[in-house]
Amino acid sequence: MREGLLIVWAVVLAVSRGQADPAESGESVPTEIKEWYSSNDPAHLAIRQHSFVFVAGPHHSGTTLMNLLVSKSNETTGLSNTDVPQNEGQHLQTVYPKAYQLGGMLGYALHPESHMTEASEKCSGVNAATLYSSWAEYWNLSKPVLVEKTPNHMVMTRFLQCLFSPQRAKFVITIRHPFGATHFKWKLPKQIDNVKRHCGRPWIKNWLRQMTVLKEDLPYLAHARIVIFENFTTGDVQQNYEDMMGSIDIKPTMKITVQKRPPRVSFDHMKKHHESRTQLGSKQQIDEGDVPRKTRLGRKLLGFVGDPSNLVLYTEKWFAWVDAWKERYGDLFESRVCQAVFDDFEDKVAEFGYSLRNPERVTQPRAFSPSMVLPRS
């Protein structure tokens with residue numbers, strides 16, 4: 001484990017901030033949706049049979065893995081066989097704009113329409129029914145807990161809580177270092193000149209906006225959990241997983257084995273090696289997207305295969321992106337461009353537990369400190 005690494009869970013409850021849930025108290029919630037909560041509308045009666053877990057966070061911050069872990073319990077079901085990228089619910093609906101319509105995964109949070117709350121005119125019984133219907137056919141509705149994963153729902157938590165009610169909607173948010181989360185982008189050869197010009201400035205702005213919205217929205221959420229991805233995948237991953245599942249009142253049923261992936265072992269090789277016990281229910285749940293199509297080596301930082309009872313997590317060191325940055329950009333961090341970025345954003349990034357100047361340091365996020373809970377040692 002890297003020095004200075006602090007394993008932290010953020011357990012965020014509205015009551016811990018001393019604020020009543022707005023949907024419970026009646027503040028800011030449209031009258032129409034409150035009336036719909038108590039109606040006999042068939043869609044609402046169907047929704048009342050379940051609770052919902054929404055997995056979100058900055059893109060490439062571990063949401064796919066977290067979705068797999070949460071949705072493969074005996075009590076839960078995730079969206080599957082959707083034929084949309086990563087089985088994300090945003091691609092199956094027409095109620096709200098998709099991330100690519102608002103600037104893409106590294107820009108959407110800066111768009112004024114991205115942040116949605118209970119004050120949105122779209123928070124209505126009709127839209128709750130429409131959204132549920134859009135996803136229902138891809139869930140196993142015999143399960144009591146329905147899981148949906150869309151990264152950009154990170155800035156829509158209050159809106160989703162309004163639609164599905166604070167009694168039934170829970171959120172698991174993963175966070176990761178901004179340069180780690182954008183590794184998939186800056187590693188591309190065609191991005192080298194751009195990165196040398198801006199040192200990730202526009203991407204950091206988007207990341208900070210995501211985190212700021214989350215900080216501001218947390219007091220309004222009845223059930224939210226924040227996972228620091230670097231820490232979740234360090235140390236006793238099985239215990240971290242069990243603690244996370246317990247925090248959302250779901251019994252953990254998966255056994256996780258962590259292995260260091262040998263160099264140049266292809267993803268296809270790993271997949272075939274575990275074929276006899278790999279039945280994930282959807283080709284999208286095997287995470288092979290961010291690699292050259294001809295080689296399919298798996299993600300630089302993570303590969304995983306498994307089934308509802310066994311998961312093999314293949315890892316390299318979790319700050320391998322630091323070495324990848326140095327290999328591609330040398331001492332660019334020491335350049336005037338990057339130093340200007342660090343001067344502008346270091347303190348703001350530090351509020352959320354990360355450092356631009358010392359990227360391998362992870363600390364307890366000051367922005368979430370009133371609600372932080374340390375896991376069992």
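This text follows the structure it describes.
All of these numbers come straight from a predicted model, not from anything done at the bench. (Residues numbered from 1 in each chain as written. Predicted model: local features only at pLDDT ≥ 70, side-chain atom pairs only at ≥ 80, totals over all residues. Heavy atoms only, no water.)

Details of the environment of Leu65
And step 1. Residue position: Leu65 is located in helix α4 (residues 63-71).
And step 2. Spatially, the C-alpha atom of Leu65 lies 10.0 Å from that of Val55, the residues being 10 residues apart in sequence. (Helix = DSSP H or I, 4+ residues; strand = E, 2+ residues; numbered from the N terminus.)

Concerning the pairing of strand β5 (residues 169-175)
And step 1. Burial of β5 is extensive: 7 of the 7 residues sit out of reach of the surface.
And step 2. Of the two faces of β5, the one carrying Ala169, Phe171, Ile173 and Ile175 and the one carrying Lys170, Val172 and Thr174 are both buried.
And step 3. Bridging between strand β2 (residues 51-56) and β5 involves 5 bridges; their strand directions are parallel. Within the sheet, the bridge partner assigned to Val55 lies in β5 and is Val172.
And step 4. Sheet topology note: the β5/strand β6 (residues 224-228) ladder contains 5 bridges and is parallel. Within β6, the residue paired with Ile173 across the bridge is Ile226. (Buried < 20%, exposed > 50% of the residue type's maximum accessible area, 1.4 Å probe, protein only. Pairing = 2+ DSSP bridges.)

So, the packing of aromatic side chains
And step 1. Applying the stated rule across the entire model yields 22 aromatic pairs.
And step 2. Taking 5.3 Å as the distance between ring centres and 55 degrees as the angle between the ring planes, the aromatic pair formed by Phe179 and Phe333 counts as tilted. In this pair, Phe179 is assigned in helix α7 (residues 178-181) and Phe333 in the loop between α14 (320-329) and α15 (336-350), connecting sequence segments 154 residues apart. You'll find Phe179 and Phe333 in the same group, each marked buried. (Phe/Tyr/Trp six-rings, centres within 6.5 Å; stacked < 30°, edge-to-face > 60°.)

Focus: α15
And step 1. Over its 15 residues, α15 runs 20 Å from end to end, which matches the ideal 21 Å to within 8%, given 1.5 Å per residue.
And step 2. In the structure, α15 departs most strongly from a straight axis at Asp344, where the bend amounts to approximately 45 degrees.
And step 3. Looking at the packing, one finds that the buried side of α15 touches α7, α9 (192-198), α10 (201-217) and α14. (Expected span 1.5 Å × (residues − 1). Bend = angle between axes of the 7 residues up to and from the residue. Contact = heavy atoms within 4.5 Å.)

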